[in-house]
Amino acid sequence: MRRTQAKRLPRDRDNTSILSGNAYTLELLRGSDRQCIELMRISREAYVRLCMHFRHKLLLHDSRHVSVEEKMAMFLTIIGHNKCYVVIKRRFRHSSQTIHKYIHEVLAAMMTFAREMIVPSTFNPNPDYPGAHKSLRRIFKGAVGALDGILVHAIIPASQQTVYRGIGKGKCYQNILGICDFNMIFFVYAGWEGVAHDSRVLTEIMAPSNNFPFPSPSKYYLCDAAYTNTREFMAPYRNVRYWLRDFCRRRAMTKEEEFNHAHAKLRNVIERAYGVLKARFPILDKMTPYPFNVQRNVIIACFAVNNFIRKEKINDELFAQYE
């Protein structure tokens, strides 16, 4: 008895945009710099050099219908505007399955890329870049950077939300510890619970298995009063004015206040670096509901891209604004 073959039903194509994903990517590559900045949050030069780097290091390859540039554009649009897969599907004219596949392919490549970009500082207290507070760096001769934590929005299952809730805010966060040199380049640890105190996170990270980048002898990181003042970590005087806004209306009156004011101005480099990061990647303020390990990897990818722009000395308006 002859088997009857089931007829394949024609797929309902509902992506009716005239501009295909490939054509849209070519438009980004050939268009204005402003277009890339607004759509992907990085300049066209940074976008092109980032794609070239991934090609050269064999981290990504062209697929049959999707180029490396298109894959990267999809990923940068998601983390640069916190867009869901449906929006990317409509813009690049691919199925949801295709979008999911290539976003996770780029994210996996980003983890290898991060191991290259997120490395301990060279501990150079006087980097070769035009920056302010050179006199302060002469005062704090042993300072090689600043250390601080930051809370990043997280989507957590209801059964686990208690330890991730931020104090008094109700939302869930993961605690990130960043170490920033004076060139605004980060070394980062991600994944701690939102209620974890900064000093506890630092204590756990300093375990031998985590390869914490301790500064060389006579060198130290600047940190705020949430951390203990030790040989490697210089904290300000406690119970004395410290934050820069505290000195707006009244100048420092005592030696302790003068020290805290100078300390705050120099340590402010990490606040500015975090400002660049959050301005570039709004997904850090409102995370997409990925699995938690994917959320952590997305954060690391954001730091890696930011470090790439800085290390390659690419002109960037956000760094110029916060510098």
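Everything numeric in this text was worked out from a predicted model, so none of it was measured.

J.: Help me get a handle on helix α3 (residues 44-56), residues and values and all.
T.: In a regular helix each residue adds 1.5 Å, so 13 residues correspond to 18 Å; α3 covers 18 Å between its end C-alpha atoms and thus fits that length. Residues of α3 that are buried include every one of Ala-46, Tyr-47, Leu-50, Cys-51, His-53 and Phe-54, and no others. Axial view of α3: buried residues confined to an arc of 155 degrees, hence all on one face. When the buried face of α3 is taken as reference, the exposed residues oriented beyond 90 degrees from it are Met-52 and His-56.

J.: Lay out the environment of Asn-306 in plain terms, naming residues and giving numbers.
T.: By the secondary structure assignment, Asn-306 is in helix α10 (residues 292-311). In sequence terms Asn-306 and Ile-42 are 264 residues apart; their C-alpha atoms lie 9.3 Å from each other. Discounting chain neighbours no more than four positions away, the residues touching Asn-306 are Ala-273, Val-276, Leu-277, Arg-280, Phe-281 and Phe-319. Reaching out from Asn-306, the side chain makes a polar contact with the side chain of Arg-280 at a distance of 2.7 Å.

J.: For the sheet that holds strand β4 (residues 220-222), give the residues involved together with the corresponding values.
T.: The strands that make up a sheet pair up through hydrogen bonds in the backbone, lying either parallel or antiparallel. With mixed pairing, the 5 strands of this open sheet are ordered in space as β3-β2-β1-β4-β5. The open sheet has two edge strands, β3 (186-193) and β5 (233-234), and neither has a second partner. Helix α8 (residues 198-205) rests against β1 (143-153), β2 (173-180), β3 and β5 of the sheet, and its axis sits at about 110 degrees to β3. Contacting β1, β2, β3, β4 and β5, helix α9 (residues 255-280) crosses the sheet at an angle of about 50 degrees to β1.

J.: Got a sec to walk through unusual backbone geometry? Specific residues and values, please.
T.: A positive phi angle, close to 60 degrees, is found at Asn-239, a residue other than glycine. Taking the relative accessible area as the measure of exposure, Asn-239 reaches 85% and is therefore exposed. Its identity is not glycine, yet Lys-313 carries a phi of approximately 55 degrees, on the positive side. Within the element layout of this structure, Lys-313 appears in the loop between α10 and α11 (317-322). Look at Lys-313 and you get exposed, because its relative accessible area is 65%.

J.: How would you explain the packing of aromatic side chains if you had to name every residue and give the values?
T.: All told, the structure shown has 14 aromatic pairs when counted by the stated rule. Measuring from centroid to centroid gives 6.1 Å for Phe-212 and Phe-233, while their planes differ by 55 degrees, and the two rings are tilted. Here the residue Phe-212 occupies a position in the loop between α8 and β4, and Phe-233 occupies one in strand β5, the gap between them amounting to 21 residues. Overall, the relative accessible area of 8% leaves Phe-212 in the buried class. Through successive ring pairs, a cluster of aromatic residues spans Phe-187, Tyr-189, Phe-212, Phe-214, Tyr-221 and Phe-233. When the ring centre of Tyr-24 is taken as reference, the NZ or CZ atom of Arg-91 above it lies at 4.3 Å.

J.: For the environment of Lys-286, give the residues involved together with the corresponding values.
T.: Here Lys-286 is to be found in the loop between α9 and α10. Once the C-alpha coordinates of Lys-286 and His-153 are considered, the two residues, 133 residues apart in sequence, prove to be 5.6 Å apart. Those residues in contact with Lys-286, other than ones at most four positions away along the chain, are Asn-82 and His-153.

Here is what the cut-offs are and how they apply
- Residues numbered from 1 in each chain as written.
- Predicted model: local features only at pLDDT ≥ 70, side-chain atom pairs only at ≥ 80, totals over all residues.
- Heavy atoms only, no water.
- Helix = DSSP H or I, 4+ residues; strand = E, 2+ residues; numbered from the N terminus.
- Expected span 1.5 Å × (residues − 1).
- Buried < 20%, exposed > 50% of the residue type's maximum accessible area, 1.4 Å probe, protein only.
- Arc of directions from axis to C-beta.
- Contact = heavy atoms within 4.5 Å.
- Polar contact = N/O pair within 3.5 Å; in protein donor to acceptor, adjacent residues only side chain to side chain.
- Pairing = 2+ DSSP bridges.
- Axes fitted to C-alpha atoms, helices over the stretch in contact; angles between N-to-C directions.
- Phe/Tyr/Trp six-rings, centres within 6.5 Å; stacked < 30°, edge-to-face > 60°.
- Lys NZ or Arg CZ within 6 Å of the ring centre and 35° of its normal.

Just geometry here; none of it tells us what the structure is for.
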